[in-house]
Amino acid sequence: MTQEVEPDELLLRLRHFHSDYFPLHQQRFQDLVTQGQHPKTLFIGCSDSRLVPYLLTGAEPGELFIVRNVGAFVPPYDQSHGLHGTMAAIEFAVLSLKVERIVVCGHTHCGAIRVAYEGAPQEAIALKAWLRLAQDALLPVQPSPEALCRTEQRSVVLQLERLMDYPMVRREVEAGNLTLHGWHYVIEDGEIHIFDVQQGQFVPASEATSSGTGPYVPYVESDGHMLSY
Ligand SMILES: [Zn+2]
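Residues numbered from 1 in each chain as written. Predicted model: local features only at pLDDT ≥ 70, side-chain atom pairs only at ≥ 80, totals over all residues. Heavy atoms only, no water.

Time to look at the pairing of strand β1 (residues 41–46). For a regular strand, the rule is simple: side chains alternate between the two faces of the sheet. The buried fraction of β1 amounts to six of the six residues, a majority that puts the element mostly inside the structure. Of the strand pairs in this sheet, β1 and strand β2 (residues 64–69) are connected by six bridges, and their pairing is parallel. Residue glycine 45 lies in a different strand from β2, and its bridge partner there is arginine 68. Bridge count for β1 against strand β3 (residues 101–107) is five bridges, and the pairing is parallel. Residue pairing for β3: leucine 42 is matched across the bridge by isoleucine 102. (Buried < 20%, exposed > 50% of the residue type's maximum accessible area, 1.4 Å probe, protein only. Helix = DSSP H or I, 4+ residues; strand = E, 2+ residues; numbered from the N terminus. Pairing = 2+ DSSP bridges.)

Here we come to the nonpolar core. Counting residues in each nonpolar core, the largest one holds 28 residues, and the members touching the most others are Leu42, Ile44, Ile90, Ile102, Leu163 and Val169. Elements supplying a minimum of two residues to this core: β1, β2, α3 (85–96), β3, α6 (145–163) and α7 (167–174). Here this core gets five residues from one element, more than from any other, and that element is α3. Ranked by size, the runner-up nonpolar core spans 23 residues in total, among them Val103, Ala112, Tyr185 and Ile192. (Core = buried A, V, L, I, M, F, W, Y, C linked by side-chain atoms within 4.5 Å.)

A few words now on the coordination of the zinc ion. Note on the zinc ion: its protein donors are Cys46 (SG), His107 (NE2) and Cys110 (SG). The metal-donor distances range over 2.1 to 2.3 Å. Between the donor residues of the zinc ion, the gaps in sequence give the motif C-x60-H-x2-C. Just as histidine 107 is buried, cysteine 110 falls in that class too. (Donors = N, O, S within 2.8 Å, 3.2 Å for Na, K, Ca; no water.)

This next bit is on the environment of aspartate 189. By the element assignment, aspartate 189 lies in the loop between β4 (179–186) and β5 (191–196). With 79 residues separating them in the primary sequence, aspartate 189 and cysteine 110 have C-alpha atoms 15 Å apart.

Structurally, the α-helix is built with 3.6 residues per turn, so residues lying three or four positions apart point the same way. All of the buried residues along helix α4 (residues 111–118) are Ala112, Ile113, Val115, Ala116 and Tyr117. Where α4 is buried, its residues touch α6. Once α4 finishes, glycine 119 follows within two positions and takes phi at roughly 95 degrees, a positive value. (Contact = heavy atoms within 4.5 Å.)

Relative to the 27 Å expected for 19 residues at 1.5 Å per residue, α6 spans 27 Å between its end C-alpha atoms, a close match to the ideal helical length. Within α6, 15 of the 19 residues are buried, which leaves the element mostly enclosed by the surrounding structure. (Expected span 1.5 Å × (residues − 1).)

What follows is about the packing of aromatic side chains. With the rule as written, the count across this model stands at nine aromatic pairs. When the centroid spacing of 5.5 Å and the interplanar angle of 20 degrees are considered together, the rings of phenylalanine 17 and tyrosine 21 count as stacked. Of the two residues, phenylalanine 17 and tyrosine 21 both sit in helix α1 (residues 9–34), four residues apart, roughly one turn of that helix. With relative accessibility at 32%, the residue tyrosine 21 sits in the partly exposed group. (Phe/Tyr/Trp six-rings, centres within 6.5 Å; stacked < 30°, edge-to-face > 60°.)

The full count for this structure, using the stated rule, is six salt bridges. The salt bridge partner of glutamate 63 is arginine 28, with a shortest N-O separation of 3.8 Å. Taken together, the residues glutamate 63 in the loop between α2 (53–57) and β2 and arginine 28 in helix α1 connect sequence positions 35 residues apart. With a relative accessible area of 34%, arginine 28 lands in the partly exposed category. In this structure, arginine 170 engages glutamate 174 in a salt bridge whose closest nitrogen and oxygen atoms are separated by 3.0 Å. Residue arginine 170 and its partner glutamate 174 are located together in helix α7, separated by four residues, close to a single helical turn. Residue classification places arginine 170 among the partly exposed residues on the basis of a relative accessible area of 24%. (Salt bridge = Lys/Arg side-chain N within 4 Å of Asp/Glu carboxyl O.)

Shape descriptors only; they carry no functional weight alone.
Have a look at this one:
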């Protein structure tokens, strides 16, 4: 006699989606199949489980093209034909999907930024290399909560700067077809802070005039560091 196996939690959730959610939205999903996807936004976000892009932006299926990685980092544009998943996603979103905006979204209490200060486990060879993408955002201080928060924000700006090194991104930004959006999500407040390049700081969404970071002008940080976008 075979023993009845209790369905696990995740299996129950899959069944719930199919039986309860999907029937209510079936037409939308079928339209997305027949008409294809036409997302206007590439969302580059940290993998952190507390960052939920669809909740934050009120987006529906088909609206966000998402690439997530540890730290929401953008690797340098390089032509060495390596296996760069984030780079491939950026190329696909800009060249094929022709997205109109790219969001880079970091957040408070980011483990990637903390580990960038503290060092990753010796065995984590890919992680150690990957965290170098935040190196230029680190501050020469002990990582207090304030310093970590500031570093998270500096990292977002740094990744936007790297995005502008992608030829297709720069071309579309300069042509006015693409806007860049640097966001820092404050988990405990439930609010996105948006990098405003003119003010040179992150502004809460409740006070910001736009969700974007532009316009495309040179920006000099208060410490004199010149950002190239
Ligand atoms: Zn994170």
